[in-house]
Amino acid sequence: MLRYGKIGGGLVALALLTGLVAATPASADPSAALAGNVLTYPTAGGTAVAVNDVIQASLKTGTNATFYNSTSGTTGIKCAASSFSAKVLTNPIAPGTATESLTAQSFGTCTTNVFGTTGVQSIALNNLPYATSVTSAGVVKISGTTAAPVQSTVVLNSLLGAITCVYRTSTNSLTGAAVNTTNSITFTNQPFTKFSGPSLCFGTAYFSATYSPVRDSTKGNAAVYVN
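Everything numeric in this text was worked out from a predicted model, so none of it was measured. (Residues numbered from 1 in each chain as written. Predicted model: local features only at pLDDT ≥ 70, side-chain atom pairs only at ≥ 80, totals over all residues. Heavy atoms only, no water.)

Undergrad: Is there a simple way to explain the overall build of the chain in this structure?
TA: Each helix and strand in the chain was counted, giving 0 helices and 17 strands. Carbon and sulfur atoms provide 56% of the accessible area of the chain, an area that totals close to 8,800 Å². (Helix = DSSP H or I, 4+ residues; strand = E, 2+ residues; numbered from the N terminus. Areas by Shrake-Rupley, 256 points an atom, 1.4 Å probe, with all protein chains shown as cover.)

Shown next as structure tokens:
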């Protein structure tokens, strides 16, 4: 689950999906020269986001979170609703790396076009919270641990009854890109590998989603920027 915002991921998925904040590379943002801290509100180079503030975002209007069986295909699951919530842990002087804890990520209004399946019961991101980092260059990374890996559980209806697909990432992490101009964070084709489940579950599910706008709910939903 920032500036932010397939079967596999419930992610973050994702989170599926982490705490994320909207960001853009400092070199591409003229206002970055004004920045004091990595995360600011309500403008780039504005007031520093405080430790323990809560960052939240939902899907960009008109978009879906998707879990497809290939990077270019459209077979899999898509969800019209998804959101995340993350708590800021550190926010150093820019340039640098801020850290957050992804405490919640949800997915809803999901549909499937996978052959043999008739609906989506649930998609859940497991083992929260996840450590999240946001760099001044706009790189957002969500990381699990050996004991609590980045994992998603997907429950589908099928012609033979409910099936459960469990997915994990090979790197135990997800990487996204934050962009100040759209106050968003985007995950593109982040791969989840099947950990357990029947043959109807994809071997690899690719997670994509754009979360926008990213807001500091502790500060009246002010827009969050990365510097």
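Undergrad: When you look at the pattern of salt bridges in this model, what are you seeing that I'm missing?
TA: Working definition: two side chains of opposite charge can pair if their charged atoms are close together. Counted by the stated rule, this structure contains 1 salt bridge. For K219, the salt bridge goes to D53, with nearest N and O atoms at 2.7 Å. In this pair, K219 is assigned in the loop between β15 (215–216) and β16 (222–223) and D53 in the loop between β2 (47–48) and β3 (54–58), connecting sequence segments 166 residues apart. Using a relative accessible area of 4% as the deciding quantity, one classes D53 as buried. (Salt bridge = Lys/Arg side-chain N within 4 Å of Asp/Glu carboxyl O. Buried < 20%, exposed > 50% of the residue type's maximum accessible area, 1.4 Å probe, protein only.)

Undergrad: Explain the sheet that holds strand β1 (residues 39–41) here, please?
TA: Strand pairing in a sheet is mediated by backbone hydrogen bonds. Such pairs are either parallel or antiparallel. In spatial order, the strands read β2-β1-β17; together these 3 strands make up an open sheet with antiparallel pairing. The open sheet terminates on both sides in strands that have one partner only, identified here as β2 and β17 (225–226). Examined bridge by bridge, β1 and β17 share 2 bridges and lie antiparallel to one another. Each bridged residue has a counterpart across the sheet, and for L39 the counterpart in β17 is V226. (Pairing = 2+ DSSP bridges.)

Undergrad: Please explain the environment of G144 as it appears in this structure.
TA: Looking at the element boundaries, G144 is found in the loop between β9 (139–143) and β10 (151–158). The sequence separation of G144 and S173 amounts to 29 residues, and the corresponding C-alpha distance is 6.2 Å. Not counting residues within four places of it along the chain, the set of residues in contact with G144 comprises Y130, P149, V150 and N172. (Contact = heavy atoms within 4.5 Å.)

Undergrad: Got a minute to help me understand the environment of S136 in this structure?
TA: Here S136 lies in the loop between β8 (130–135) and β9. The class for S136 is buried, based on a relative accessible area of 6%. Sequence separation between S136 and G96 is 40 residues; the distance between their C-alpha atoms is 5.6 Å. One polar contact links the side chain of S136 to the main-chain amide nitrogen of G96, over a distance of 2.9 Å. (Polar contact = N/O pair within 3.5 Å; in protein donor to acceptor, adjacent residues only side chain to side chain.)

Undergrad: Would you mind showing me how to read the state of the cysteines here?
TA: Disulfides are covalent bonds that link the sulfur atoms of two cysteine residues. This structure, assessed with the given rule, holds 2 disulfides. Here C79 pairs with C110 through a disulfide, and the sulfurs are 2.0 Å apart. Residues C79 and C110 are joined by a disulfide whose S-S torsion is about 105 degrees; by sign, that bridge is right-handed. With C79 in strand β5 (residues 76–90) and C110 in strand β6 (residues 97–112), the pair connects residues that are 31 residues apart, well separated along the chain. Assessed through its relative accessible area of 0%, C79 is described here as buried. A relative accessible area of 17% means that C110 is categorised as buried. A sulfur-sulfur distance of 2.0 Å marks the disulfide that ties C165 to C201. Torsion about the S-S bond of the C165 and C201 cystine: about -80 degrees, corresponding to left-handed handedness. Taken together, the residues C165 in strand β11 (residues 161–168) and C201 in the loop between β13 (184–196) and β14 (204–211) connect sequence positions 36 residues apart. (Disulfide = S-S within 2.5 Å.)

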